[in-house]
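# A look at the structure
Below are the chains, spelled out letter by letter.
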Amino acid sequence: MNDRVPAYVHHRPSGQARVRIEGRDFYLGPYKSKASRVEYDRLIGEWLASGRRLAPPDQGFDKTVNEVLAGFIEHAQRHYRKNGEPTGEAQNYVYALAYVRRLYGHVRATEFRGLALKSVRDQMIAAGDCRNRINRQVSRIKHVFKWAVANELIPADSFQALAAVEGLDRGRTTARESAPVRPVDEQYARGVYRIVSPQVRAMIELQLL
């Protein structure tokens, strides 16, 4: 029996940490990140506990992350419309999924779970996104995989693992806070009187008071 434990290595083309077990590549997240180290320890621990054998791949769920994302975007372009026109929400999903596609697009969708989502979130923090925006984007990512479960592209436990990842709390993350929304200058508020209905004008005047 080979007593060597598969190594944690840097997959340079993608910037991901990788471990190869029994000829199968497992991508762990950004190289040297805490999440990738935890995922490596989990995989090796399970492999050792099972007598140095991998569990067989899930049967029937062989879509890659990119395939799932492409299917959802096609759905979103049809679904997010008002009066026959796109609302822009489909594009919001494109932005949210860019990190997922870059880091995990090539792996099987069943392998995108909680630690992978945290790794994506860490990349958003490193890019300078604010906490509220990150939470919204992560919610969109979760929704994509919920849609994938409903369409039988991935098993239900894949989404359950993602749903367990909680949002970032104020003061408990290195993500920056968004700038506070300031009240509009009164002259600009009064400037819309001529183009709004009497009811809206009354609401504006009430708020000014």
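Overview of the structure. (Residues numbered from 1 in each chain as written. Predicted model: local features only at pLDDT ≥ 70, side-chain atom pairs only at ≥ 80, totals over all residues. Heavy atoms only, no water.)

Turning our eyes to something else, we now look at the pattern of salt bridges. In this structure the tally under the stated criterion is 12 salt bridges. With a closest N to O distance of 2.7 Å, Arg20 and Asp25 form a salt bridge. Given the relative accessible area of 24%, Asp25 is considered partly exposed. A salt bridge links Arg42 to Glu39, with the nearest nitrogen and oxygen atoms 2.7 Å apart. Placement of the pair is Arg42 and Glu39 together in helix α1 (residues 34-49), with a separation of three residues, close to one helical turn. Given the relative accessible area of 35%, Arg42 is considered partly exposed. (Salt bridge = Lys/Arg side-chain N within 4 Å of Asp/Glu carboxyl O. Buried < 20%, exposed > 50% of the residue type's maximum accessible area, 1.4 Å probe, protein only. Helix = DSSP H or I, 4+ residues; strand = E, 2+ residues; numbered from the N terminus.)

Moving on, we come to the packing of aromatic side chains. For the coordinates displayed, the defined rule picks out seven aromatic pairs. When the ring of Tyr8 is compared with that of Tyr31, the centres are 5.5 Å apart and the planes differ by 25°; the resulting orientation is stacked. Linking Tyr8 in the segment before β1 (9-11) with Tyr31 in the loop between β3 (24-30) and α1, this pair joins segments that are 23 residues apart in sequence. Owing to a relative accessible area of 13%, Tyr8 belongs among the buried residues under this scheme. Overall, the relative accessible area of 31% leaves Tyr31 in the partly exposed class. (Phe/Tyr/Trp six-rings, centres within 6.5 Å; stacked < 30°, edge-to-face > 60°.)

Further remarks concern the environment of Tyr40. The residue Tyr40 is located in helix α1 in this model. Separated by 103 residues in sequence, Tyr40 and His143 have C-alpha atoms that sit 26 Å apart. In contact with Tyr40, other than residues within four places in its own chain, are Val5, Pro6, Ala7, Tyr8, Val19 and Leu28. Within polar-contact distance, the side chain of Tyr40 engages the backbone oxygen of Pro6 at 2.6 Å. (Contact = heavy atoms within 4.5 Å. Polar contact = N/O pair within 3.5 Å; in protein donor to acceptor, adjacent residues only side chain to side chain.)

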